[in-house]
Amino acid sequence: YKVMDSISYNVTFGYATIFAYLKEAENLKNKGAALSRALVMPISCGQFSYANISPTRIMGVSGTLAAIGEYEKKVLDGYGLNKYIFVPSVYGESNFHFDKAGDGICFESSKSNFYHKISAEIVAATKSKRAVIVFFRDRSKLDEFVGTATYRQLGRHKSLLTEDMTPRDKDFVINKAATAGQITLSTAVFGRGTDFFCKDDSVEKNGGVHIIQTFLSEEVSEEVQIQGRTARQGKRGSYQMILLESELESDFGIKAVEKEQLPKGQWYQWLCNIRVKHQREQCILIEENLKNATEIDGLTHDYFDSLLAGKKAKSKEQFKNLYQLMKKPPVPSSVHIDIALAIDVTGSMAPYAQSTVSTIENLLSGPSSLISKLTTNFPEIDFQLRLGCLCFRDIDDGSGKFTELVISGGSHFTSHVSTVLNFVKRACAASSGGFDLAEDIIGAIHRSANWQNGEDWTSDIKFMMLFSDASAHGLLPAPLVNGDNYPTRHPEGLTTNDAVTSLVARDADLFFCSFNPSATKRTEDELSKYFKKHPDNVAEHSVVRIPMVPKESAISSTSSTPSGHGRHIIFVLDESGSMRCSWSGVVVAYNQYIAKRRQSQSESDLVSVVQFDYGSRITVQHASLSSAPSDLPYSGGGTSFHLAAKTACELARGTPSTHVPAIVFMSDGAANDAAAAAHEFALLNSNIYRSSRNHLELHVIGFGGGSCQAQLQQIASASQAGKVHSSANTADLASVFVDIASTQNVSLLLESEIAKRITEAVSDKLSLEYFGS
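Now for a look at the structure at hand. (Residues numbered from 1 in each chain as written. Predicted model: local features only at pLDDT ≥ 70, side-chain atom pairs only at ≥ 80, totals over all residues. Heavy atoms only, no water.)

## Some words on the nonpolar core
Consideration 1: Among the nonpolar cores identified, the biggest contains 38 residues, and Ile339, Leu341, Ile343, Val424 and Phe467 are the most heavily contacted of them.
Consideration 2: Sorting the residues of this core by element identifies strand S10 (334–344), helix H14 (353–364), helix H15 (370–377), strand S11 (382–392), helix H16 (417–429), strand S14 (461–468), strand S16 (508–514) and strand S17 (543–547) as the ones contributing at least two each.
Consideration 3: Looking at this core, the element that brings in the most residues is H16, giving six residues.
Consideration 4: When residues no more than four places from it in sequence are discounted, the contact partners of Val424 are Leu341, Ile343, Val357, Ile360 and Cys389. (Core = buried A, V, L, I, M, F, W, Y, C linked by side-chain atoms within 4.5 Å. Buried < 20%, exposed > 50% of the residue type's maximum accessible area, 1.4 Å probe, protein only. Helix = DSSP H or I, 4+ residues; strand = E, 2+ residues; numbered from the N terminus. Contact = heavy atoms within 4.5 Å.)

Okay, structure coming up:
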């Protein structure tokens, strides 16, 4: 680990160090011995604060005394250090050159330009028989440059200097770093105290060692130290900063446009002013940490005093309080979540407009909403959900290509669910455009991920949900490639990697909600591939595929059905005396349901039928769609709900693990045991939720004018996914049955998957805060 200005192999960071050993287990030289030492349970028994040591005398020597700021001076003064002596160099006036008003400071807007500029400056210096040392912030930034074609074109005279090298290898690289034509690429840790002394006369003659720093240091002292790796002991040397604008924005909040308003000669002072502001913010955090460290330091002293005094009971209680204070950070009182909706509203999506709206509506509001699920899992946390929405058409749709929800102030995110739903409803109702088979999926992802208002994409956890039925341009299945107006190149030069890069930069996952899985599969595959291989995707963000209609490949009457795809529909049908004249219509509705499911290629479904009057009987049990009887015998009698519900629940509990139970309860009357029936369904729902975190799909249908809506609502409320339907006659009943057959309960699948992934993200956030404490 990096400790101050050096690397320590003895420091550990609790569980984080253990996990690091496990991750690198196969690369350890002596795996067994190393893991034996590392895989222990670390128990901290106190922390002492260096800040609270009270020495009798302090003396210090620093090569960066002139660079310390007001806060550091205030801290030193608190220890009685208020006298400073500057000793001039015995080598006379410095021959160090830093052209602050010219080429000494360069800004680049893209990584490719950034890497090319670094390479160009290296080549220019080495051609002049000088030596070049390039400092990167850390190993990951160095490795990223090493992985480019630009690096490979630098020739043979280049070396890396990193913390994990052996002392002998480090010395070898350091000793040859200041020789003519030599290129040394180093991490910033070697910018402090490393002696790159130049003994090569040709290097000295041509201007000395040239230093390139590729990042802006948070502390001036670090920058001064890096500058001090050249022009040593009276030798000549030069220094240059090459900075990436996006890193300045993410690290310091610097907007690139700000520098354009200043003369070039003021750029360095502008950077220094921003750094000072950043340091002030860091100083506030330091004071907060010091306050906590002082408290733990005091408790640690008290604990050890009790131990030394042999006070066992007292020291035990003190240790418990001390350990909890050190190792158990408070659970955050709130977690903020951003979800951006990207919705395809081309003409081909018109048949799915209502489904899209209802799915989003169920996700955002009601008892089974995302927030309700999260609150159930984390009751101590207040979840704040913000939503953005972009509705998109295709490239050739001109000014109508993108329609965005923009809130006052220019932000794209809002916490007002009704505002988002109204926007989605209006946009989906006007589906049009898209004149080829592919759509601008990549453009939609890239645009919404790059919303730049200061309030955009600022939450703790971020996701994008994309709804479409089409492939991205250039990714149509081979037989349909002629149906793509842009099969080889996006007019704006956008690529799949650009879309993924924008999501990774936002630290966001992508939910791809497909209304045509066979058409979108290749697009989903490409997005997944680029997520997996993206160098910046250290958080392992990914594409979550959610089919909004049944997948043909996943539904077959001859193969086993993956968990969650098969449906076991249990009809609970009232056959009391009042249904005598309507029973044939009920049977027709039942057969239309089966026909609709077969039309949707859902042959793996199972059907059961419970018929009830005063009693209940099973007339169909676990039948496939192809073997389900077309006729249901009628009996007639009174009306009792409880026995019917109990029988249906027993059938549901016998559902194979490859299927998900769904119940359709239909009655035209009332009964005095509706509460008992609701209780049976509530018990079943509880069992299902415990095992799958999903609620029972429960449809309750009132037939004709004699049904008791209050009782039916009571039964439906047994599940958060319960719904009440009304049908005035057998034609209406058939329509309700067909609608139920068409839904595939996609909204519940979507809600469940998204709630699961966001729950995992929240858990990961809390775990990282704990293990990193």
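Okay, back to it.
## Structural notes on the environment of Gly638
Consideration 1: For Gly638, the position within the fold is in the loop between strand S20 (616–624) and helix H21 (642–653).
Consideration 2: Put simply, Gly638 and Ser94 are 544 residues apart on the chain and 105 Å apart in space, counted from C-alpha to C-alpha.
Consideration 3: Excluding anything up to four places from it in sequence, Gly638 contacts Ser576, Asp613 and Tyr614.

## Looking at the packing of aromatic side chains
Consideration 1: Across all of its chains, the model carries 25 aromatic pairs by this definition.
Consideration 2: Relative to Phe511, the ring of Phe463 lies with its centre 5.2 Å away and its plane at 35°, an arrangement referred to as tilted. With Phe463 in strand S14 and Phe511 in strand S16, this pair connects stretches of sequence that are 48 residues apart. Accessibility assignment for this pair places Phe463 and Phe511 in one class, buried.
Consideration 3: Taken together, a centroid distance of 6.2 Å and an interplanar angle of 85° make the contact between Phe665 and Phe681 edge-to-face. With Phe665 in strand S21 (residues 659–667) and Phe681 in helix H22 (residues 674–692), this pair connects stretches of sequence that are 16 residues apart.
Consideration 4: You can call Phe665 buried: its relative accessible area is 0%.
Consideration 5: Each member of the aromatic cluster is reached from another via a ring pair, and the members are Phe48, Tyr303, Phe304, Phe319 and Tyr323.
Consideration 6: A cation over an aromatic ring shows up here: Lys158 above the ring of Tyr151, its NZ or CZ 4.9 Å from the ring centre. (Phe/Tyr/Trp six-rings, centres within 6.5 Å; stacked < 30°, edge-to-face > 60°. Lys NZ or Arg CZ within 6 Å of the ring centre and 35° of its normal.)

## Some points on the sheet that holds strand S19 (residues 606–612)
Sheet strands associate in pairs through backbone hydrogen bonding, adopting either a parallel or an antiparallel arrangement.
Consideration 1: Read across the sheet, six strands follow the order S20-S19-S18-S21-S22-S23 without closing on themselves; strand pairing throughout is mixed. A single partner strand is all that each edge strand has here, and the edge strands are S20 and strand S23 (722–727). The sheet shows a mean angle of 15° between the axes of neighbouring strands, taken without regard to direction.
Consideration 2: Inspection of the sheet shows strand S22 (residues 697–703) paired to S23 by six bridges, in the parallel sense. What sits directly across from Val700, in S23, is Val724.
Consideration 3: Each of strand S18 (566–574), S19, S20 and S21 is contacted by H21, which is oriented at about 25° to S20, the strand it contacts most. (Pairing = 2+ DSSP bridges. Axes fitted to C-alpha atoms, helices over the stretch in contact; angles between N-to-C directions.)

## With respect to H14
Consideration 1: Taking 1.5 Å per residue, 12 residues should reach 16 Å; H14 reaches 17 Å between its end C-alpha atoms and fits that length.
Consideration 2: Taken as a whole, H14 has its buried residues at Ala353, Thr356, Val357, Thr359, Ile360, Leu363 and Leu364. An end-on view of H14 places all buried positions within 165° of arc, on one side of the element. (Expected span 1.5 Å × (residues − 1). Arc of directions from axis to C-beta.)

## A closer look at the packing of helix H18 (residues 496–505) against helix H19 (residues 517–533)
Consideration 1: Remark: H18 packs on H19, axes separated minimally by 9 Å, with the N-to-C direction vectors making an angle of 55°. Taken together, H18 and H19 sit at an angle that is classed as oblique. The handedness of the crossing between H18 and H19 comes out as right-handed. Two secondary-structure elements touch here, H18 through Thr496, Asn497, Val500, Leu503 and Val504 and H19 through Glu526, Leu527, Tyr530 and Phe531.
Consideration 2: Each residue belonging to the contact of H18 with H19 can be placed in one class, and the counts come to six nonpolar, two polar and one charged. (Parallel < 35°, antiparallel > 145°, perpendicular 65-115°, else oblique. Left-handed = near helix turned anticlockwise from the far one by under 90°. Nonpolar A, V, L, I, M, F, W, Y, C, P; charged D, E, K, R; others polar.)

## Details of the pairing of S17
Consideration 1: The buried fraction of S17 amounts to four of the five residues, a majority that puts the element mostly inside the structure.
Consideration 2: Pairing between S16 and S17: five bridges, direction parallel. Considered in S17, the bridge of Phe511 is made with Val544.

## Focus: the side chain of Asn685
Consideration 1: Locating Asn685 in the fold gives a position in helix H22.
Consideration 2: In this structure Asn685 comes out as buried when scored by relative accessible area, which is 8%.
Consideration 3: Setting aside chain neighbours within four positions, we find Asn685 in contact with His695, Leu696, Ala718 and Ser719.

## A look at the packing of H22 against helix H23 (residues 709–716)
Consideration 1: With their axes 8 Å apart at the nearest point, H22 and H23 run at an angle of 20° to one another. In terms of axis orientation, H22 runs roughly parallel to H23. Every pair of crossing elements has a handedness; the one defined by H22 and H23 is right-handed. Of the residues in H23, those touching H22 at Ala674, Ala675, Ala677, Ala678 and Phe681 are Gln711, Gln714 and Ile715.
Consideration 2: Looking at the contact of H22 with H23 residue by residue, the class counts come to six nonpolar, two polar and no charged.

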